[in-house]
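Each chain, letter by letter, is given below.
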Amino acid sequence: MAEVSLYAPVKKFLESLDFVVKGEIGNCDIVGLREGEPPVVVICELKMQFNLELILQAVDRASASDEVWLAAAMSARGKGRESDSRFRALCRRLGFGLIGVTSRGAVELLLSPAAPAPRRDPRKRSRLIEEHRRRRGDPAVGGSTRSPVMTAYRQDALTCAAAMAQGPRRPRDLATLTPRAGKIMLDNVYGWFERAERGVYVLTDAGHAALVRWPQAEA
């Protein structure tokens, strides 16, 4: 059982609370968004065990969210931190919610977040909201660490690459697909694009390889 195995049941639980949930946004395992004025942001961190590292991660995330949840696998013999009254008391004082996931994938609500008033970081919070809204679907499983995160930027870059698979294109030709097309080609973060002539770009071998790894519908 790995951290990624916790993602689906925790996502389903948070969705039952009316959050739109996506994984691996801004170094957070899970970000949930409930639209409104202002929107409500919930962050959940995943670990195989309830431990100090999980609490430290939650403390770091608190400034960018309205609620912070800690989720971990329940211990087989019921002797994990989730059964430690001191651990629960600490989380209660910090205002963190606790979610336990059984070996069968069932979710147990151990502690609801008290939602204290930590000092917010507006810029960090805004970046999470923007990335959540830009990202199409939920392409990244929370808790994964061994593969590149499918960010909204990478999605837009792949959209550009798919449109260029059959030949050179101008950034302005792709503006209807993504308004960031010009900047994506100019910055060339992934090495997928190459300028053939003034204002015209072609797809590199790395770009073609990316389309094999992440197939896209042709634009």
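For clarity, every value in this text was computed on a predicted model and none was experimentally measured. (Residues numbered from 1 in each chain as written. Predicted model: local features only at pLDDT ≥ 70, side-chain atom pairs only at ≥ 80, totals over all residues. Heavy atoms only, no water.)

Caption draft 1: Examining the overall build of the protein chain more closely. On a plain count of helices and strands, the protein chain comes out with 7 helices and 8 strands. Counting all 219 residues of the protein chain, 45% fall into the buried class. Taking all contacts inside the protein chain whose residues are at least 6 apart in sequence as the whole, residues at least 24 apart take part in 57%. Looking at the protein chain as shown, the accessible area adds up to about 12,000 Å², and 50% of this sits on carbon and sulfur atoms. One way to put it: in the protein chain the 34 positive side-chain charges average out to a point 3 Å from where the 26 negative ones average out. (Helix = DSSP H or I, 4+ residues; strand = E, 2+ residues; numbered from the N terminus. Buried < 20%, exposed > 50% of the residue type's maximum accessible area, 1.4 Å probe, protein only. Contact = heavy atoms within 4.5 Å. Areas by Shrake-Rupley, 256 points an atom, 1.4 Å probe, with all protein chains shown as cover. Lys, Arg positive; Asp, Glu negative; His and termini not counted. Charge placed at Lys NZ, Arg CZ, Asp CG, Glu CD.)

Caption draft 2: Structural context of the sheet that holds strand S1 (residues 20-25). Within the open sheet, the 6 strands sit side by side as S1-S2-S3-S4-S5-S6. Their pairing is mixed. Among the strands making up the open sheet, the edge pair consists of S1 and strand S6 (107-111). Mean inter-strand twist for the sheet, computed between neighbouring axes without regard to direction, equals 25°. Judged from the 4 bridges that link them, strand S5 (residues 97-101) and S6 form a sheet pairing that is antiparallel. From the neighbouring strand, Ile99 faces S6, where its bridge partner is Leu109. Lying on the sheet, helix H2 (residues 52-61) is in contact with strand S2 (28-34), strand S3 (40-47) and strand S4 (67-73); it crosses S3 at an angle near 160°. This element, helix H3 (residues 85-94), spans S4, S5 and S6 of the sheet and lies at about 75° to S6. (Pairing = 2+ DSSP bridges. Axes fitted to C-alpha atoms, helices over the stretch in contact; angles between N-to-C directions.)

Caption draft 3: Local environment of the nonpolar core. Of all hydrophobic cores here, the largest spans 20 residues; its most connected members are Leu158, Met164, Leu174, Met185, Trp192, Phe193 and Leu203. Among the secondary structure elements, those contributing two or more residues to this core are helix H5 (152-163), helix H6 (181-187), strand S8 (200-203) and helix H7 (205-213). Broken down by element, this core gets its largest block of residues, 7 residues, from H5. In this structure, Met164 is in contact with Arg169, Leu174, Met185, Phe193, Tyr201, Val202 and Leu203, ignoring residues within four places of it in sequence. Grouped together as the second largest cluster of nonpolar side chains are 16 residues, Val10, Phe13, Val42 and Cys44 included. (Core = buried A, V, L, I, M, F, W, Y, C linked by side-chain atoms within 4.5 Å.)

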